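Structural description and commentary
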Amino acid sequence: MKRSQINQAIRWAQDLLKKYGVRLPDTAFYGPQQWKELASQAQTVFQTMLGWDITDFGSGDFQKIGAVLYTVRNGLMDNPAVGVPYCEKYILMREGQRLPKHYHVYKTEDIINRAGGVLEVMLWNADKSGHQLDTDVTVYMDGIRRVFQAGEKIHLTPGNSISLTPYIAHIFGPQPGSGDLIVGEVSKVNDDNTDNYFLESAGRFPAIQEDEPALHLLCNEYPTP
């Protein structure tokens, strides 16, 4: 991805959050120099990868497979002394975008339609070897047990959520025609370097072409003290 594309996506996300009255912490607006000056004090931020995360998942087509994410809280899977024992994110998506099909082995997560359009979700079971299964998927939606066919389209209006346990592969994004979307994620500690398993060609963090200065650092770009 180009840095100019990333900067543009962050500005769009800030505008969408403002539209729906969602406020990020002051640190969301820090520039690269501020993080450099705070490096010795901000190791929890750096280690738990809080902050901006703009990615096309290696697709090369951000408008189709991609999202703007902002991690507000997180910890470390292997060190409970760092951060907190849970994760909270905002996932912002334009109409037409989706996530690639993937699952987690460690993380259980609630995916919540916070505001905007209709959230469209599709689910598949995966076995311990990472193979997709053509079996019914059982999940809880706001505490109600539901069973869906593999790949069935599930629609969540704002305020509603779905809980995804390990080995449930999923795709989600705005339902076509419903508009842009603010998704919330509340989960166990998140590790994007080790706990994403993709069932279609994808990668987690994009290579960046530096065609203009960074507006804000991404969560995998922080300086060392």
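Report follows, based on the coordinates. (Residues numbered from 1 in each chain as written. Predicted model: local features only at pLDDT ≥ 70, side-chain atom pairs only at ≥ 80, totals over all residues. Heavy atoms only, no water.)

1. Quick look at the packing of aromatic side chains
Applying the stated criterion across every chain yields a total of eight aromatic pairs. Summarising the aromatic geometry, the rings of Trp 35 and Phe 46 are spaced 5.9 Å apart at their centres and angled 65 degrees between planes, so their arrangement reads as edge-to-face. Separated by 11 residues along the polypeptide, Trp 35 in helix α2 (residues 32-37) and Phe 46 in helix α3 (residues 43-48) bring together distant segments of the chain. Just as Trp 35 is buried, Phe 46 falls in that class too. One aromatic cluster is present, built from ring pairs that chain together Tyr 30, Trp 35, Phe 46 and Tyr 222. The ring centre of Tyr 106 lies 4.2 Å from the NZ or CZ of Lys 188, which sits over that ring. The ring centre of Phe 205 lies 4.9 Å from the NZ or CZ of Arg 204, which sits over that ring. (Phe/Tyr/Trp six-rings, centres within 6.5 Å; stacked < 30°, edge-to-face > 60°. Helix = DSSP H or I, 4+ residues; strand = E, 2+ residues; numbered from the N terminus. Buried < 20%, exposed > 50% of the residue type's maximum accessible area, 1.4 Å probe, protein only. Lys NZ or Arg CZ within 6 Å of the ring centre and 35° of its normal.)

2. Some words on unusual backbone geometry
Excluding glycine, most residues fall at negative phi; most peptide bonds, likewise, are trans. One non-glycine residue, Met 49, lies in positive phi territory at about 60 degrees. Relative to the elements of secondary structure, Met 49 occurs in the loop between α3 and β1 (51-55). Classification of Met 49 by relative accessible area gives buried; the value is 16%. Non-glycine residue Tyr 167 carries a positive phi angle of around 70 degrees. Residue position: Tyr 167 is located in the loop between β11 (161-164) and β12 (168-174).

3. What about helix α1 (residues 3-19)?
With 17 residues, α1 extends 24 Å from end C-alpha to end C-alpha; this agrees with the ideal 24 Å at 1.5 Å per step. Within α1, the full set of buried residues consists of Arg 3, Ile 6, Asn 7, Ala 9, Ile 10, Trp 12, Ala 13, Gln 14, Leu 16 and Leu 17. Contacts from the buried residues of α1 go to β1, β2 (67-76), β3 (79-93) and β13 (181-187). The first or second residue beyond α1 is Gly 21, which carries a positive phi of 70 degrees. (Expected span 1.5 Å × (residues − 1). Contact = heavy atoms within 4.5 Å.)

So yeah, pure geometry; function would need other evidence.
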